[in-house]
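# Chain and residue survey
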Amino acid sequence: MLKGIVYIAAASYVFTLAHPTCSYESIMWQSSTQKPPKSDEITFHDAYGVYDAYNNARNGSNENEVGVSKSSKIQIVTADLAQPIENINDIENMAQYIVKGKILDDSKNILPEYGSGYTKTGLEITDVYKGDLNTGDVITLTELYYTSKDGVEIRREGYSASTPGEEYLFYLGPQYEDGTYGIVCTVLGRYSLEDTQALSDDTESIEANIAEEYAPLYQQLKTEVMNLYKK
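## What about the pattern of salt bridges?
Scanning the entire structure with this criterion turns up two salt bridges. Ionic pairing is found between arginine 190 and glutamate 143, a salt bridge with its closest N-O pair at 3.8 Å. Highlighted residues: arginine 190 in strand E11 (residues 190-192) and glutamate 143 in strand E6 (residues 138-143), separated in sequence by 47 residues. Of the two residues, arginine 190 and glutamate 143, neither departs from the other in class, the shared state being buried. The partner of arginine 155 in a salt bridge is glutamate 153, and the shortest N-O contact between them spans 2.5 Å. The residues arginine 155 and glutamate 153 share a single accessibility class, namely buried.

## Quick notes on the nonpolar core
Formed by 40 residues in total, the largest nonpolar core has its most connected members in Ile91, Leu141, Phe170, Tyr171, Leu172 and Leu188. When contributions to this core are tallied by element, the ones reaching two or more residues are helix H3 (88-94), strand E3 (97-103), strand E5 (118-130), E6, strand E9 (167-175), strand E10 (181-183) and helix H4 (215-229). In terms of residues, this core owes the most to one element, H4, which gives six residues.

## Some details on the pairing of strand E8 (residues 153-156)
Going residue by residue along E8, you find Glu153 and Arg155 tucked away on one face and Ile154 and Arg156 tucked away on the opposite face as well. Counted between consecutive antiparallel strands, the loop separating strand E7 (residues 145-147) from E8 contains five residues, among which glycine 151 sits at a positive phi close to 85°.

## So, the pairing of E6
Pairing of E5 with E6 involves six bridges; the strand directions are antiparallel. Looking across to E6, one finds that threonine 119 is bridged to glutamate 143.

## Things to note about the packing of aromatic side chains
Per the stated rule, a full pass over the model turns up six aromatic pairs. Summarising the aromatic geometry, the rings of tyrosine 171 and tyrosine 191 are spaced 6.2 Å apart at their centres and angled 85° between planes, so their arrangement reads as edge-to-face. With a gap of 20 residues between them, tyrosine 171 in strand E9 and tyrosine 191 in strand E11 connect regions that are remote in the sequence. Across the pair, tyrosine 191 and tyrosine 171 agree in class, each one buried. Put simply, the rings of Tyr171, Tyr191 and Tyr218 pair up and form one aromatic cluster. Between arginine 190 and the ring centre of tyrosine 159, over which it is positioned, the NZ or CZ distance is 3.8 Å.

## Description of the environment of glutamine 96
Mapped onto the elements, glutamine 96 comes out in the loop between H3 and E3. In this structure glutamine 96 comes out as partly exposed when scored by relative accessible area, which is 37%. Residues glutamine 96 and aspartate 132, 36 residues apart in the sequence, show an inter-C-alpha distance of 9.1 Å. At 3.4 Å, the side chain of glutamine 96 forms a polar contact with the side chain of tyrosine 97.

## Some thoughts on unusual backbone geometry
Unlike most non-glycine residues, glutamate 157 shows phi in positive territory, near 55°. Mapped onto the elements, glutamate 157 comes out in the loop between E8 and E9. Residue cysteine 185 is not a glycine yet carries a positive backbone phi of 60°. Along the chain, the position of cysteine 185 falls in the loop between E10 and E11.

## What to know about the environment of threonine 142
Of note, threonine 142 is situated in strand E6. On the accessibility criterion, threonine 142 (10% relative accessible area) is buried. In this structure, the C-alpha to C-alpha distance between threonine 142 and glycine 122, residues 20 residues apart in sequence, is 9.1 Å. Reaching out from threonine 142, the side chain makes a polar contact with the side chain of threonine 180 at a distance of 3.0 Å.

## Topic: the confidence of the model for the protein chain
Averaged over every residue, the pLDDT of the protein chain is 76; residues scoring 70 or more account for 63%. In this model residues 51-71 is a low-confidence stretch, pLDDT under 50, and it forms 27 contacts with partners more than four residues away in sequence or in other chains. Confidence over residues 196-200 falls short of pLDDT 50; this stretch has 13 contacts with residues more than four positions distant or in other chains.

Basis of the calculations
All residue numbers refer to positions counted from 1 along the written sequence of the respective chain. With pLDDT at 70 or above as the cut-off, local features in this predicted model cover only qualifying residues; side-chain atom pairs require 80 or more to be listed or tallied, and sums for whole chains, interfaces and linings still use all residues. Side-chain metrics in this entry use all non-hydrogen atoms of the structure; hydrogen atoms and water are not considered. Here, a salt bridge means any Lys or Arg side-chain nitrogen found within 4 Å of an Asp or Glu carboxyl oxygen. The way it works is that DSSP assigns letters per residue, a run of H or I at least four long becomes a helix, a run of E at least two long becomes a strand, and they are numbered from the N terminus. Residue exposure (1.4 Å probe, protein chains only): buried if accessible area is under 20% of the type maximum, exposed if over 50%, otherwise partly exposed. Remark: nonpolar core denotes a set of buried residues (Ala, Val, Leu, Ile, Met, Phe, Trp, Tyr, Cys) joined through side-chain atoms within 4.5 Å. Two strands are said to pair when DSSP picks up at least two bridges between them. Two aromatic rings, drawn from Phe, Tyr or Trp (for Trp, its six-membered ring), form a pair once their centres lie within 6.5 Å of each other, and the interplanar angle then sorts them: stacked below 30 degrees, edge-to-face above 60, tilted otherwise. In this analysis the charged atom, NZ for Lys or CZ for Arg, is taken to sit over a ring once it is within 6 Å of the ring centre and within 35 degrees of the ring normal. Think of a polar contact as two N or O atoms within 3.5 Å of one another; within protein, one of them needs to be a possible hydrogen donor and the other a possible acceptor, and neighboring residues in sequence only count if both atoms come from side chains. Think of pLDDT as the predictor's per-residue confidence, scored from 0 to 100. Note on contacts: a residue pair is in contact if any heavy atoms of the two residues lie within 4.5 Å.

Below, the structure written as structure tokens:
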């Protein structure tokens, strides 16, 4: 049985499936202790991912070209939400940890071997609202953007770099086996508490880089977050 699971997981990597960032069942979750949503069998989510990869290949594209809006240095890759989100309570129910923290200046670009690349970023926790982390802890985030070998920054759902020294609120999933923490629902799981305008005109702000189809929902959720956590 274990050998079969390994073969299935290996095949999923061949099809470039990434690790999930929302709380739906998938064989692609990194940790075997994540039950739910870790699955020992292929789920509908995995099957759809394989279909999507096959469909992209038939169309002569790859994962970094699917649903992409391009600039000279940036590609924004988008995907449908795994489950409907109506308000911030949905995100909070998905999260195992809700923390506020200051971004450290130690980001590390991780190129893709299987699935997608990402960036490792240090976070010094300044407040804890859910979960057993503590104020003062320093953890490592898996942020879903990275710079490819040819210098193009790939951003999942428009997730751009967090600014070192600034404070953000994060909704995090279970800790991965490598000790890092993923952010649930990419752009919908991180909020700057520094500004009060949901979608800033500043092109360098995280809000300005969010994929167009996610922007209205993000704006709604950020307003709810600011009402709950801005002090």
